[in-house]
Amino acid sequence: METPPSPQLVRLALHGGAGDPPTHPAAQSAQRDALRRIATETLALLRGGAGALDAVTHAVEQLEQCPLFNAGVGAVLNREGLPELDAAVMRGVDRACGAVAAVCRVKSPVRLARAIMERTPHVFFAGAGAEQLAAQLGLERVEPDYFITEARRQQLAAARARGAITLDHDHAPSPGAGGTDEAFGTVGAVARDAQGHLAAATSTGGLTNKLAGRVGDTPLIGAGTFADDASAALSCTGTGEAFIRCGFGHAVHARLAWSGWHLEHACAEALDAVRRYRGRGGCIAVDRAGRLALPFNAGGMYRAWVEADGLVRVAIGPGGDGA
Ligand code: ASP
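Trainee: Give a description of the sheet that holds strand β6 (residues 198–204) that names residues and reports values.
Mentor: The strand order across the open sheet built from 8 strands is β4-β3-β2-β6-β5-β1-β11-β12, with neighbouring strands paired in mixed fashion. Sheet topology places β4 (124–126) and β12 (312–315) at the edges, where each strand pairs with a single neighbour. Ignoring which end each strand starts from, the neighbouring axes of this sheet average 5° apart. Judged from the 3 bridges that link them, strand β3 (residues 97–103) and β4 form a sheet pairing that is parallel. For A99, the partnering residue across the bridge sits in β4 and is F124.

Shown next, in the form of structure tokens:
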């Protein structure tokens, strides 16, 4: 039986990717402002009684619509110059989940992931079949150009010139600064609602100059996205291949649920494995007790979070710099 809702239980964390923080102050402040605005809105939903799944879906959809981050509008481009978008959602109470990979005509990939979870008997759709399903389910569709920004075209040209496949944050021209600075990334959200239930959502364009058809950790349940009320909700960002190899989300779950580890310790251990597999990045996580962990092994991670004091905090660099 459900206990009566208690707004004191509410916790929230968002990320906008990990990588090299931008050197241009204008880029930093645009991203911080966007994170703060979306965290504040999402917190109000949670305080008003919204479930964790509704809250994280809302937060990630808003982040997808913000061109400063590598998801939805402003997503990075693959080697063919096209966006290929991945997303996932997961509900901790029953491990219901939905995921989508390699779509470029669905306005909100996270909404499609949610619809897959709620309106089909399946978990994971990719490519043409996923696009067709979105049309059948009546989700809003767009042309691929809708997602493409000039900054991402420049970023792809720079990566092609170097023959590199790059994390979204590395050497990306910054739309916030109107220049050619670094930074911005994959987006995600985790929450504990007033009932004490957990959920996670993540959405990404993946890596700049990736081969067509490449899928990273974001839509893989148990890698880049995971939630279980018995342990924690997690959303990852970084080198997807390394997060897949170490099964990041499930590795953290197993240490909490089976070995009784502390959340921070479990996330740090999983991030060590990411490093061993030559990856970098970070995660946001909230456990059943309401503890948050926001670790990263890159120069920074764009993040906003709300703990027991109910304040929205935003930071990019290593310090917890800023209420
Ligand atoms: N993890 C994402 C991927 O590999 C990229 C990122 O987080 O920036 O697709």
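Trainee: I'd like a description of the packing of aromatic side chains, backed by residues and values.
Mentor: What the rule picks out here adds up to 2 aromatic pairs. A ring pair is formed by Y146 and F147, whose centres lie 5.2 Å apart and whose planes are at 80°; its orientation type is edge-to-face. For Y146, a relative accessible area of 32% translates into the label partly exposed. Centre to centre, the rings of F243 and F248 are 5.1 Å apart; their planes meet at 35°, and the pair counts as tilted. The class of F243 is buried, set by a relative accessible area of 0%. Its end group placed over the ring of W261, R255 keeps NZ or CZ at 5.4 Å from the ring centre.

Trainee: Now, about the packing of helix α7 (residues 248–259) against helix α8 (residues 263–276): what can you tell me, with residues and values included?
Mentor: Packing of α7 against α8 brings their axes to within 9 Å, and their N-to-C directions diverge by 140°. The element α7 and its partner α8 pack so that their crossing is right-handed. For the pair α7 and α8, the contacting residues are F248, V252, R255 and L256 in the first and L263, A266, C267, E269, A270, L271 and V274 in the second. Considered class by class, the residues forming the contact of α7 with α8 number 9 nonpolar, no polar and 2 charged.

Conventions used here
Residues numbered from 1 in each chain as written. Predicted model: local features only at pLDDT ≥ 70, side-chain atom pairs only at ≥ 80, totals over all residues. Heavy atoms only, no water. Pairing = 2+ DSSP bridges. Helix = DSSP H or I, 4+ residues; strand = E, 2+ residues; numbered from the N terminus. Axes fitted to C-alpha atoms, helices over the stretch in contact; angles between N-to-C directions. Phe/Tyr/Trp six-rings, centres within 6.5 Å; stacked < 30°, edge-to-face > 60°. Buried < 20%, exposed > 50% of the residue type's maximum accessible area, 1.4 Å probe, protein only. Lys NZ or Arg CZ within 6 Å of the ring centre and 35° of its normal. Left-handed = near helix turned anticlockwise from the far one by under 90°. Contact = heavy atoms within 4.5 Å. Nonpolar A, V, L, I, M, F, W, Y, C, P; charged D, E, K, R; others polar.

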